[in-house]
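Listed below are the residues making up each chain.
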Amino acid sequence: MARKGKVKIARPDWCKVCGICIEVCPVEVLELGNTRIQVAHLENCIGCENCELSCPDFVLKVVEDDE
Amino acid sequence: MARKGKVKIARPDWCKVCGICIEVCPVEVLELGNTRIQVAHLENCIGCENCELSCPDFVLKVVEDDE
Amino acid sequence: MSRYEVRLSGAGGQGMILAGIILAESALDNDELNVVQTQSYGPESRGGASRAEVVFSKEAIDYPKVIQADLLVALTTEAFEKYGDDIKEGAVVIADSDFIDADYKPAAKVDYYSIPIINTATEEIGLKLTANMVALGAASHFIPDLSEDEILKTIAARVPAGTEEKNKEAFKAGRRLVSEMKS
Amino acid sequence: MSRYEVRLSGAGGQGMILAGIILAESALDNDELNVVQTQSYGPESRGGASRAEVVFSKEAIDYPKVIQADLLVALTTEAFEKYGDDIKEGAVVIADSDFIDADYKPAAKVDYYSIPIINTATEEIGLKLTANMVALGAASHFIPDLSEDEILKTIAARVPAGTEEKNKEAFKAGRRLVSEMKS
Amino acid sequence: MSKAKTLLLQGDEAVVEGGMAAGADFFAGYPITPASEIAEGFAEQLPANGGKFIQMEDEIAGMGCIVGASLAGAKAITATSGPGFSLKQENLGFAIMVEAPCVVVNVQRVGPSTGLPTSPSQGDIMQAKWGTHGDHPIIALSPSSVSETFDLTVTAFNLAEKYRIPVILLLDEIVGHMREKITIPPADELEIVNRKKPKPEDKDNFYPYEETEDLIPPMPDYGTGFKYHSTGLFHDKTGFPRGKTEDAKKLMDRLMGKINNNLDDIIHLEDDLNGDEDVVVLAYGSTVRSAISAVNQVREEGIKAGWVKLKTIWPFADDYVRKLAEKVDRIIVPELNMGQLIGEVERVAAGKAEVTGINRYDGTLITPADVVAEIKGAL
Amino acid sequence: MSKAKTLLLQGDEAVVEGGMAAGADFFAGYPITPASEIAEGFAEQLPANGGKFIQMEDEIAGMGCIVGASLAGAKAITATSGPGFSLKQENLGFAIMVEAPCVVVNVQRVGPSTGLPTSPSQGDIMQAKWGTHGDHPIIALSPSSVSETFDLTVTAFNLAEKYRIPVILLLDEIVGHMREKITIPPADELEIVNRKKPKPEDKDNFYPYEETEDLIPPMPDYGTGFKYHSTGLFHDKTGFPRGKTEDAKKLMDRLMGKINNNLDDIIHLEDDLNGDEDVVVLAYGSTVRSAISAVNQVREEGIKAGWVKLKTIWPFADDYVRKLAEKVDRIIVPELNMGQLIGEVERVAAGKAEVTGINRYDGTLITPADVVAEIKGAL
Amino acid sequence: MDVNIDKYLRQDKMPHIWCPGCGHGTVLGSFVRAFDQSGLDQEKTVVISGIGCSGRASGYLNFDTLHVTHGRALTFATGVKMANPELNVIVMTGDGDGAAIGGNHLIHSSRRNIDITVVLFNNNIYGMTGGQFSPMTPTGDTATTSPYGNIDQNFDLCELAKSSGATFVGRGASYQPRKMIKLIKEGLLHKGFAFIETLTQCPVNYGKRNMIGGARDMLKWQDEHLVPDKKYEKMDPEEREGLISTGVLYQVSKEEYTDKYQQVINNVMAGESNE
Amino acid sequence: MDVNIDKYLRQDKMPHIWCPGCGHGTVLGSFVRAFDQSGLDQEKTVVISGIGCSGRASGYLNFDTLHVTHGRALTFATGVKMANPELNVIVMTGDGDGAAIGGNHLIHSSRRNIDITVVLFNNNIYGMTGGQFSPMTPTGDTATTSPYGNIDQNFDLCELAKSSGATFVGRGASYQPRKMIKLIKEGLLHKGFAFIETLTQCPVNYGKRNMIGGARDMLKWQDEHLVPDKKYEKMDPEEREGLISTGVLYQVSKEEYTDKYQQVINNVMAGESNE
Ligand SMILES: Cc1ncc(C[n+]2csc(CCOP(=O)(O)OP(=O)(O)O)c2C)c(N)n1
Ligand SMILES: Cc1ncc(C[n+]2csc(CCOP(=O)(O)OP(=O)(O)O)c2C)c(N)n1
Ligand code: SF4
Ligand code: SF4
Ligand code: SF4
Ligand code: SF4
Ligand code: SF4
Ligand code: SF4
Ligand SMILES: [Mg+2]
Ligand SMILES: [Mg+2]
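Residues numbered from 1 in each chain as written. Chains lettered and ligands numbered in written order. Predicted model: local features only at pLDDT ≥ 70, side-chain atom pairs only at ≥ 80, totals over all residues. Heavy atoms only, no water.

## Observations concerning the overall build of chain C
Put simply, the rule reads: Only DSSP runs of H or I covering at least 4 residues are called helices, and only runs of E covering at least 2 are called strands; the numbering of each starts at the N terminus. Using the Shrake-Rupley algorithm and a 1.4 Å probe, accessible areas are obtained, with residue cover drawn only from the displayed protein chains.
A count of helices and strands for chain C gives six helices and six strands. Going from N to C terminus, chain C has its helices and strands arranged as β-α-β-β-β-α-β-β-α-α-α-α. Accessible surface for chain C amounts to roughly 7500 Å². Of this, 48% is attributable to carbon and sulfur atoms.

Right, here's the structure in full:
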């Protein structure tokens, strides 16, 4: 179901730093900051959307590269 | 489960003339009177207890012949 | 007529409540006559004593129940004992002659009719369940301002389809029982 | 001391209610001192502003809540805004310097301490959850008739097993933050 | 239904007729003596008129169900007796909170508990006001005859729709089961009130629990695009809880205000007073009938007596009774209970008139003679 | 438990301590804010003392369960808040009918409906008396502090056992959740009442619902050979319904009589009056605390004021308040509701004293300043 | 039968109020016979019933008996059993009482596997209130509240109890009193939650309205539709259509609730004294 | 994903109040995505929820929404659906709300096969009230009201719904959002009663107390215990031990309740006009 695109922190304010996105990401992309999630290695992202669909807080979104 | 004995109208006053005993009797023994059940052909009774166990009103009882 | 009070009593299942309803409904098209019908019965709606009451009046009927009956019908001893005394002086009392002891001594002076209501239903009509209509027929004699026809019409409308004729017959038989005694 | 009113406020989950309980319980063996502790929180028991209140008195404490605080601790701007004004003239106000704007102009004349409560917990103690104890330590400075030892004893009894030392450390760090400012 | 028709009906049946005449199109409930005839009547009549009947698994479900139906646009009704009325209380409070118009009939039998299921009582009068937890407004009506049952059922729906509130219709078993002649007026002679709905163009700026001038916010049907929220939590005009003190007070004041500002419209009563009464019998439900009979009787003997019939039980007719107490020496309150509404009469009379009760709580009726005795008793 | 111990406890926790001290050995209930701590406390303490705790599927079940346990011989308790209290009403009425001793705690939050679950209220005062259908006796107590909560929990069990009646303990969220020092007396210093049981030799001539002289029939435990019947239907002394009018009246008169004959034993209150008061503040629950504070304050200013604290809410202290009204000009009734118990005060005062209320119904408290203002307001 | 059923019946309450031909009496009779055979102690037995014609059963039984609110018998029973696990606790309920308003307590009591024996009188109708449909009224049948035919599906109560956790599930019928006696006896002796559905006829409010007829006809109907469980199990779905199996339908042995709780008490009290 | 979920969320109510790592948000996210894919009309849809953390879901959803009393959502939903069968009616409930206090409504709604879609958030605990055990708390686990370990058996809710008459039954899990989206979508499109249990983690009141840990650990736990329904079906009972199947577990097509009622109306009205 993955499509061309990479993760984006669409609603940074809503992040509750639970780490679920990190748990479900098949590669190393995300890291926990102090008050919100951070994209540490965007280059690794394969756009699988696991994080987007799992994040309980609607923080992440996989977007077309050119968005 | 039948044992030696014949039907007896143990509590005639409790009979509500519903006819269930007649329905479950394998032979012709009982008949409905106007206000209570009647033993019409005791001689036929094989003491099977169907009527005793089925009567909703605890009217009938199979008793030893010599009771 | 300021107030005419009827009490129909019997055992649960004898249909006295239906008789009461029919009696009351018979006054429906009678614009002059007000009517209130009530009943009382046990939780099991069967067995025990049950009664229907009908109050007629040309004036407004406030208190809905019988205070002292002008007319009492009783089909069972239990009903008779419970309600037999609660009647007006000179009231009409109709009791089933086969089920109620004849040596009844009413407290007040009453007009007492002991007639074979249930037996008439069983034997003459051949349908025990019509005893209530026999009773109603007997009672109908005494009720002011209500015609036999009005009641017969209501019977036809209220009893189970197919039994209209039997019930009307029973009614008439009951009425006859009384007229015969009166004549 | 007729009545000394303390309000500890922050976000749900920051443990200010536990801090309040510990504060209150520290007066348990102090026969001279009455204490009442109350709290308020939203239905979700997390998020939003939450507060614990502790009232001390040598006399009977009737009204159980803070009327006007003698001492206010606030860990978040939201809490600060909600409760910042509801204090006595000359009250002590302790606010987290990293999370609350320094340009606070209290309505009444207050004794204002802006100290790094949460950061002390995170960095010095290494356990963010102990911020409540840092806050309690800072507050403890000002509470009449209650000794540091009484509070430390209660902390040891009330915090989760295994975290006693960290929490006591945090308490002391908080207390130090204030003493340093005062000295 | 454009011609008047005369029928011999029970009070329970008159509820069905009244409901149908008022436009009821939904019934949900659970059978119980002596209210089952109401369910049975609606089960028969509703589908014949395109409406819906559903028998639920219990009374709690019946109450929830009519509130859901009401929010979806239906004119909904349920009927029960004491034990079921107790079970409905939680969801009744919810209906009050979300302001869902609906009618709840309680055909009272003798309580407490299972009590005397087939005998009449007026034992749930106070419960109708206080049965659910927390303060709340309520409207409760109580008829004394079969035709009044018809009328008050229509009124119940009208008030429910007008004020967005559940209206309780308190019959007693006597009224519920007695048969009387009743003339049902033609449909076009009845005044039927329907809830105020917002206009489609209001969608964008819509506050479902707005404090409108009349304090009664317009109510959209579900599925008409308003996409709004309702909750049993305290909420502001948006329908959402904010957890603010002001909101709680504002909401409660509005809920109470919408009723208390319209007492003249809501409180229905009748009286027969000459203005010179020494004693007045104040009654409701079937007991009224004995009161009237008794008053007529004693008047003939020259006693200055009158009667008052409360058709609206809640809100209580404070003002009326207060003025009455100032004028008369004694108010007699006959009730088929151990003394319930008499407490309100005493409260309002505040010592200005003597207040005495006549009480029966054994399933039998208060007779005209009982009332006559009480009237004469203290003369 | 033979030595006094001092603890810092919440009111909810004091219910648990009080219950254990009174001999409670059974709890059944369903969690709800702000009463869950009571269930949690019993879940921990009961098995440690050989008692039983069970969490049921809902509040209805919780209420049924404690009545069953009570009949089997247990001292049983349940705890809930408004929504759950509404659900318990039907089975509460049943408990009254079969005269099963038990304690029902309601830690009041703001209603109606879901309301404000974590905020204090005294909104269920009237519901405690009228929540279930039909007339019925009830005892309801309301503490104003943590140690009073302990005491009244013990009293609740004692009254329940003595009078064979469910006793309602009405906390408000403030009392339920506030922490205070409390000294728990040693077990042997507490007076514990246990239900009267029939003697084994009475078995043959046993009438479970006999009209004994004190109107309280002895109560056997299930399984001790009495083989008796209980029902929610009206019944005679045998426990069985006979469907007779006399039985109904006799039963109701006995149920009411056993309480009304013992008002002195049941009604607990405290006051601080000098006998020359112009104004008296009559309060209950947490509101008492502001009343006391305010009275102390205005007395210093020379105002002749006093206070009354009702610990027993139901039965209402009619006589006491009647006499009070005769003596003072004004009675102020502060309540965390829209005015509930004030109705009783008005009723009983019957115009002899002016009665005014102070009302908060938004989840905040009535402060001493509020009471002071009201005291001074009308001087 | 060689039992003194009189001992278990409150003679002075008889004859019972049930209508002529009502199957409830037959179930009651089966129960007392089963109880006698079970060997359980009459004085240590509590029978609890709800409201309905079936609910009247407790009044006729010479035990400690409790006639509670509609649908709630199991909640009271749970309290009795928990408070004194030595007692035999029996619940008598109807299809309305036990499966409509009381459905939740049925599934939760099943789930707990508490040692209570339930005898549910299933007459496919609300008898006492005059014939409204119940969750056991077959689809299509008429009742006072389904004058145009019932559109509800009905439950398979035995399946429901089983899938909720009951450890003994069986079905009996008034046409098979012998089998019912055996079934109830086994249920009584089962340690854990035993659910027994009994098919019983209500000629007055069900049979006559639905053209089955009076009591005798209703028994004939049973005769035509009952199949022993063993036989039923071997049939394929089409054959089963319209048939009803009777007998012990399910039984497993699992730790019982009050036993488990006693274990908790023992552990906690031991733990405490070890401190 | 290519959906505008914003359309279905009440933006101004976000961020939601659920705790960090609470699985309820993932279920909510799956629901809005499923709804979007279903093609149903947002304006003709009503979401009804009870009380609990899960009950808060309705407040975040941009439909007609109703947040009712604890355990009763299905009763209100039944009223809505009956009054206007054109509406899509969805119930969001918790394991306490839907299976404890609300259990009766669940089985009866299943029995009726009324066209309502239930999404039950099963976090094995009463979250909102602070961690009391629920009918879905596994035996042995601790909760605030089972400090010594829970002795209750727990339900298999899917079995319960099925044996009560539900015509669509499925289980999803927060660890499998894709599968859950598909499942919910199918449930939404199913005509009849659709019951969907979703496994969701409550780290605050369940995970931490029961040594499973925080949200991430709880998802790992799911990973280790979930099995697709197809695979599960092929396992023998021993293998199944401790495992949980997800997917559509049961689906049949049966006439729906409001359709049947419409038929009654049509018949009766036709009959009347023929007279
Ligand atoms: C709370 C409550 N709701 C409703 C009733 C009315 N009621 C009494 S018995 C009954 C149904 C009885 O049906 P069932 O359980 O099948 O017993 P049956 O009479 O058929 O044996 C009902 C609805 C009641 N007493 N209490
Ligand atoms: C009648 C009633 N009883 C109890 C409560 C308290 N209560 C609120 S939510 C809840 C349990 C919620 O658990 P669950 O349904 O599993 O939802 P979760 O919070 O776990 O999502 C309870 C018991 C209530 N609000 N109303
Ligand atoms: S899953 Fe969502 S809320 Fe949790 S850390 Fe990642 S982005 Fe933040
Ligand atoms: S889209 Fe996939 S790869 Fe990219 S961050 Fe999310 S989970 Fe990791
Ligand atoms: S079965 Fe019993 S009650 Fe019926 S007729 Fe026979 S003896 Fe009489
Ligand atoms: S014992 Fe058997 S044979 Fe004899 S009468 Fe009874 S049923 Fe007939
Ligand atoms: S109504 Fe039906 S169930 Fe009730 S006693 Fe009569 S036949 Fe039996
Ligand atoms: S308490 Fe549990 S269920 Fe509730 S929001 Fe927090 S994590 Fe979620
Ligand atoms: Mg039945
Ligand atoms: Mg949950």
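## Remarks on the pairing of strand β9 (residues 179-184) of chain E
As a reminder, the rule being used: Burial classes follow relative accessibility: with a 1.4 Å probe on protein chains only, a residue under 20% of its type's maximum area counts as buried, one over 50% as exposed, and anything between as partly exposed. When DSSP finds at least two bridges between two strands, those strands are taken to pair.
In terms of residue burial, β9 of chain E counts as a mostly covered element, since five of its six residues are buried. As paired strands, strand β2 (residues 34-40) of chain C and β9 of chain E are joined by two bridges and run antiparallel to one another. Opposite Val-36 of chain C, over in β9 of chain E, you have Glu-180 of chain E as the bridge partner. Relative to β9 of chain E, strand β1 (residues 5-10) of chain E runs antiparallel, the two sharing six bridges. Bridging from a neighbouring strand, Gln-10 of chain E pairs with Arg-179 of chain E of β9 of chain E.

## Things to note about the sheet that holds strand β6 (residues 194-199) of chain H
Stated formally: The axes used here are C-alpha line fits, helices contributing only the stretch in contact, and every angle between their N-to-C directions lies in the interval 0 to 180 degrees.
Taken in spatial order, the nine strands of this open sheet run β10(E)-β2(H)-β1(H)-β3(H)-β4(H)-β6(H)-β5(H)-β8(H)-β7(H), and their pairing is mixed. Two strands close off the open sheet at either side, each with one partner strand: β10 (229-231) of chain E together with β7 (226-228) of chain H. Taking the axes of each pair of neighbouring strands and ignoring which way they run, one obtains an average angle of 20° across the sheet. Where strand β3 (residues 88-94) of chain H lies against strand β4 (residues 116-122) of chain H, six bridges are found, and the strand directions are parallel. Residue pairing across strands places Gly-94 of chain H opposite Phe-121 of chain H, the latter belonging to β4 of chain H.

## Digging into the packing of helix α3 (residues 117-125) of chain C against helix α4 (residues 131-140) of chain C
All names here are of chain C. To be explicit about the condition: Any angle between 65 and 115 degrees counts as roughly perpendicular, while under 35 counts as roughly parallel, over 145 as roughly antiparallel, and the rest as oblique. Two helices cross in a left-handed way if the nearer one is turned anticlockwise from the farther one by less than a right angle. They cross in a right-handed way if the turn is clockwise. Contact between two residues is taken to exist if any of their heavy atoms lie within 4.5 Å; hydrogens are not considered. Under the scheme applied, nonpolar residues are Ala, Val, Leu, Ile, Met, Phe, Trp, Tyr, Cys and Pro; charged residues are Asp, Glu, Lys and Arg; polar residues are all the others, including Gly.
Their axes nearest at 8 Å, the elements α3 and α4 cross at an angle of 125°. Between α3 and α4, the crossing angle belongs to the class labelled oblique. Between α3 and α4 the crossing geometry is right-handed. Counting all contacts with α3, which are made through Ile-117, Ile-118, Thr-120 and Ala-121, the residues of α4 involved are Ala-131, Val-134 and Ala-135. Grouping the amino acids of the contact of α3 with α4 by side-chain chemistry returns six nonpolar, one polar and no charged.

## Quick notes on the site of ligand 6
Keep this limit in mind: Here a residue is considered near a molecule or strand provided that any single heavy atom belonging to it is located within 4 Å of it.
Taken together, the neighbourhood of ligand 6 is formed by 13 residues, with Cys-25, Cys-45, Cys-48, Glu-49 and Cys-51 of chain B sitting nearest. Split into classes, the residues belonging to the shell around ligand 6 amount to 10 nonpolar, two polar and one charged.

## As for the coordination of the magnesium ion (ligand 10)
Residue and element names in this part refer to chain H. Applied cut-off: Coordination shells were defined by N, O and S atoms within 2.8 Å of each metal, extended to 3.2 Å for Na, K and Ca; water is absent from the atom set, which can make sites look incomplete.
Taken together, Asp-95 (OD), Asn-123 (OD1) and Ile-125 (O) make up the protein donors of the magnesium ion (ligand 10), found 2.0 to 2.1 Å from the metal. Site description for the magnesium ion (ligand 10): donor spacing in sequence, D-x27-N-x1-I. Here Ile-125 lies in the loop between β4 and α5 (157-164) and Asp-95 lies in helix α3 (residues 95-99), a separation of 30 residues in the sequence. Ile-125 shares its class with Asp-95; the two are buried.

## Concerning the coordination of the magnesium ion (ligand 9)
All names here are of chain G. At 2.0 to 2.1 Å from the magnesium ion (ligand 9) lie its protein donor atoms, namely Asp-95 (OD), Asn-123 (OD1) and Ile-125 (O). One chain supplies every donor to the magnesium ion (ligand 9), and in sequence these donors are spaced D-x27-N-x1-I. With a gap of 28 residues between them, Asp-95 in helix α4 (residues 95-99) and Asn-123 in the loop between β4 (116-122) and α6 (157-164) connect regions that are remote in the sequence. The burial state of Asp-95 is the same as that of Asn-123; both residues are buried.

## Describing the nonpolar core
Most often, soluble globular proteins have nonpolar side chains that are buried together. How we decide: We define a nonpolar core as any set of buried Ala, Val, Leu, Ile, Met, Phe, Trp, Tyr and Cys residues linked to one another through side-chain atoms lying within 4.5 Å.
In this structure, Phe-42 of chain E, Phe-42 of chain F, Ile-48 of chain G together with Ile-48 of chain H are the most contacted members of the largest nonpolar core, which totals 372 residues. When neighbours within four sequence positions are excluded, Ile-48 of chain H is seen to be in contact with Leu-66, Val-68, Ala-73, Phe-76, Ala-77, Val-80, Val-89, Ile-90, Val-91 and Met-92 of chain H.

## A few points about the sheet that holds β4 of chain G
Across the sheet, nine strands lie side by side as β10(F)-β2(G)-β1(G)-β3(G)-β4(G)-β6(G)-β5(G)-β8(G)-β7(G); this open sheet has mixed pairing. The outermost strands of the open sheet, each flanked by one partner alone, are β10 (229-231) of chain F together with β7 (226-228) of chain G. Each strand of the sheet is rotated relative to its neighbour by a mean of 20°, with strand direction disregarded. Against the sheet, helix α1 (residues 24-38) of chain G contacts β1 (45-49), β3 (88-94), β4 and β6 (194-199) of chain G, and its axis sits at roughly 155° relative to β4 of chain G.

## Comments concerning the packing of aromatic side chains
A ring pair, where both rings are aromatic, is described by two values, the distance of the centres and the angle of the planes. Under the convention used in this document: When the centres of two rings from Phe, Tyr and Trp lie within 6.5 Å, Trp using its six-membered ring, the rings pair. Their planes under 30 degrees apart give stacked, over 60 give edge-to-face, and anything left gives tilted.
In this structure the tally under the stated criterion is 32 aromatic pairs over all chains. On the numbers, 5.2 Å between centres and 50° between planes, the contact of Tyr-113 of chain D with Phe-142 of chain D is tilted. In this pair, Tyr-113 of chain D is assigned in strand β6 (residues 111-115) and Phe-142 of chain D in the loop between α4 (131-140) and α5 (148-158), connecting sequence segments 29 residues apart. The buried category is assigned to Phe-142 of chain D, whose relative accessible area is 13%. With a centroid separation of 5.9 Å and 50° between ring planes, the pair formed by Tyr-222 of chain F and Tyr-228 of chain F is classed as tilted.

## Thoughts on the interface of chain F and chain H
What counts here: By buried area we mean the combined loss of accessible area, with a 1.4 Å probe, across both parts when two parts are placed together. The rule for a salt bridge is simple: a side-chain nitrogen of Lys or Arg has to be within 4 Å of a carboxyl oxygen of Asp or Glu. Nitrogen and oxygen atoms within 3.5 Å of one another constitute a polar contact, given that in protein one can donate a hydrogen and the other can accept it, and given that sequence-neighbouring residues count only through two side-chain atoms.
At the interface, 19 residues of chain F touch 16 residues of chain H. In this assembly, chain F packs against chain H so that about 1200 Å² is buried in total across both faces, 56% of it on carbon and sulfur atoms. Counting across the interface, chain F meets chain H through zero salt bridges. At the boundary of chain F with chain H, the tally comes to eight residue pairs in polar contact (both at pLDDT 80 or more). Secondary structure elements with two or more residues in the side of chain F that touches chain H: α2 (36-48) and β3 (52-55) of chain F. No other element matches the seven residues that α2 of chain F contributes to the side of chain F that touches chain H. Along the lines of polarity and charge, the residues of the side of chain F that touches chain H split into nine nonpolar, five polar and five charged.

## Quick notes on the interface of chain E and chain F
Counting residues at the interface gives 50 residues for chain E and 50 residues for chain F. Across the chain E to chain F interface the summed buried area is about 4400 Å²; carbon plus sulfur atoms make up 65%. On the chain E side of the contact with chain F, Pro-112, Trp-130 and His-133 of chain E bury the most area, a combined 16% of that side's loss. When the shortest N-O distance is used, the salt bridge between Arg-347 of chain E and Glu-346 of chain F registers 3.8 Å. Going through the elements one at a time, α4 (82-98), β6 (116-120), α5 (125-130), α8 (245-260) and α12 (341-349) of chain E are the ones with two or more residues in the side of chain E that touches chain F. Looking at the side of chain E that touches chain F element by element, the count peaks at nine residues for α4 of chain E. Within the side of chain E that touches chain F, the residues separate by chemical class into 19 nonpolar, 23 polar and eight charged.

Read these as layout, nothing more, since geometry by itself doesn't imply function.
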